[in-house]
Amino acid sequence: MFNFLFRKRGADAEPVIETQRQTFERLNTELNATIDLLPEKPAVTVDPATGHVTLTAPEQFPDEALALPEPEPESETAEVDTQTSDSASDEPTGDTQKSA
């Protein structure tokens, strides 16, 4: 009775079932295309015992270089604030008025 609720609109979409070879080839192609876009290529390590492939990425990618720097730890910031407040107290304020 409510079959129309469970049908997909348009042409009937059949799920695509990939074989293991198709999945491997697709992943390999996508990985190579991504590596081709990188200006600095990662180091590749293959472990023959397990068959695992490890890619060692650079310390910083180009798009990460545009990000803000890491904030300083609190202890360093507190020392800088203390030094600036000490030097500010040594300077005359200029707000003193002469009384006649």
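Report on the accompanying structure. What you are looking at is a predicted structure, and each value in this text was computed from that prediction instead of being measured.

Another point: the overall build of the protein chain. Check the secondary structure of the protein chain and you find three helices and two strands. N-terminal to C-terminal, the α/β element order of the protein chain is α-α-β-β-α. Taken across its 100 residues, the protein chain has 3% of its residues classed as buried. Accessible surface for the protein chain amounts to roughly 10,100 Å². Of this, 56% is attributable to carbon and sulfur atoms.

Pairs may arise between side chains of opposite charge once their charged atoms sit close together. In the structure shown here, the tally under the stated rule is two salt bridges. The partner of Arg 26 in a salt bridge is Glu 18, and the shortest N-O contact between them spans 2.9 Å. A residue is classified by how much of its surface remains accessible, and Glu 18, at 37% relative accessible area, is partly exposed. Arg 26 is the partner of Glu 30 in a salt bridge, and the nearest nitrogen-oxygen pair spans 3.6 Å. Here Glu 30 pairs with Arg 26, and both are found in helix α2 (residues 20–37), just four residues apart, close to one helical turn. Through salt bridges with shared partners, a single ionic network connects Glu 18, Arg 26 and Glu 30.

Calculation notes
- Residues numbered from 1 in each chain as written.
- Predicted model: local features only at pLDDT ≥ 70, side-chain atom pairs only at ≥ 80, totals over all residues.
- Heavy atoms only, no water.
- Helix = DSSP H or I, 4+ residues; strand = E, 2+ residues; numbered from the N terminus.
- Buried < 20%, exposed > 50% of the residue type's maximum accessible area, 1.4 Å probe, protein only.
- Areas by Shrake-Rupley, 256 points an atom, 1.4 Å probe, with all protein chains shown as cover.
- Salt bridge = Lys/Arg side-chain N within 4 Å of Asp/Glu carboxyl O.

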